Structures are given as C-alpha cells and as structure tokens.
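Chain by chain, the residues:
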Amino acid sequence: MQIQDKYGYSAHRAITEIEDDLLGRAEFSKNLSDAISNWKGQDSLVIALYGDWGTGKTSIKNMALKYLNKMSKPPIIIEFSPWEWSAQERITQAFFDEISKSIGNLSFSERDKKLANIFKKYGNYLAASESVLHGSSLALPAIVSIVAGLGIGTSLLIDDSRTGK
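All of the points below concern the structure found in this document. (Residues numbered from 1 in each chain as written. Predicted model: local features only at pLDDT ≥ 70, side-chain atom pairs only at ≥ 80, totals over all residues. Heavy atoms only, no water.)

What follows covers the nonpolar core. In this structure, Ile15, Ile18, Ala26, Met63 and Tyr67 together form the largest nonpolar core, which totals 5 residues. Setting aside chain neighbours within four positions, we find Tyr67 in contact with Ile18, Ala26, Ser29, Lys30 and Ser33. (Core = buried A, V, L, I, M, F, W, Y, C linked by side-chain atoms within 4.5 Å. Buried < 20%, exposed > 50% of the residue type's maximum accessible area, 1.4 Å probe, protein only. Contact = heavy atoms within 4.5 Å.)

The next subject is the environment of Ala26. For Ala26, the position within the fold is in helix H1 (residues 26–37). The buried category is assigned to Ala26, whose relative accessible area is 14%. Along the primary structure Ala26 and Asn62 are separated by 36 residues, whereas in three dimensions their C-alpha atoms are 10.0 Å apart. Apart from residues lying up to four places away in sequence, Ala26 is in contact with Ile18, Asp21, Met63 and Tyr67. (Helix = DSSP H or I, 4+ residues; strand = E, 2+ residues; numbered from the N terminus.)

What follows concerns the packing of H1 against helix H2 (residues 57–69). One way to put it is that H1 packs onto H2 with a least axis distance of 8 Å and a crossing angle of 55°. Taken as axis vectors, H1 and H2 run oblique relative to one another. When you trace H1 past H2, the crossing you get is right-handed. Packed against H1, whose contacting residues are Ala26, Phe28, Ser29, Lys30, Leu32, Ser33, Ile36 and Ser37, the element H2 presents Ile60, Met63, Ala64, Tyr67 and Leu68 at the interface. Looking at the contact of H1 with H2 residue by residue, the class counts come to 9 nonpolar, 3 polar and 1 charged. (Axes fitted to C-alpha atoms, helices over the stretch in contact; angles between N-to-C directions. Parallel < 35°, antiparallel > 145°, perpendicular 65-115°, else oblique. Left-handed = near helix turned anticlockwise from the far one by under 90°. Nonpolar A, V, L, I, M, F, W, Y, C, P; charged D, E, K, R; others polar.)

Below is the structure:
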C-alpha cells in the first residue's frame, strides 16, 4: 500500500500491489499475464509497453508479474533494468550475469550449474569484446587522421618524384 499524507498526496512511484490500483489497470494487467502464460510459440516472445513517462507502465508490469507469480506453475521471470547501468560496456555482461544467477538459483542440478556458467562466460566474452570495440571506436578518429595525413604526405612525395621537383 502506498503511503499518503493527510492531504492525499503520494510519491510518484509505481504501485507494486494489485490492491493499490486506483486507475483500473488491474484487468489489463491480468489479461497481459494471461497472454504471457498462454504463449506456446517456439520463438522468443517480446512484449513492450509504450507510453509517456509517468503513465503507469511499471505499475502494469508489476501487477502482471503479481498475477503470473500467483499461478500454480509460474513461469521463470528474470527482471533486468538497463537503466541501472551507467557504463554502456557493462550492460551486456550484467544482463548475462543476471540470467546466470537466476538459472543458478532455480535448481542445484549439475545441468543448471553448467548452463548458468555458460551464460556467465558468454557475458564476460561479450563484455571484453565491447571494451575492445569501445576503445577502438574512441581511437578511430585519431587513426583515420593519421592514415589520412600519411596518405596526403605520401601523395605529395609521389607527385614530387614524378615531376622531378
């Protein structure tokens, strides 16, 4: 339950409980959770909620997750927020670390441990690649300038040797 002061004001914060829905979004959240739980496709399912800041996207997500977790056999849910990572090159590694931790927490089977380890290694490899590419992209303007300078200098030398000057 969100805490309100004596005037009825509350902090602008997403609701986390279905009972706190004062705007009638719970039914939509329930329908969303039903659609997710009934997905039988072979491909990945990607769902996005679009709307301006403060329109209730996180509240809807929170209520849909509550409905999903109330199921007799809830799906595996891994929450990841890229907004928590200021360093772009760390986002990929953090994402795969989160998957690794979630899989590792699900079961203590040897298969799950191996799968969790694979995701962790994959995240580390991608993070290393991103760091190299990020460093290269920072150095690219300098490298292009040097190569261009060498090219111009070389062309001047070649032109001078042809004209005998």
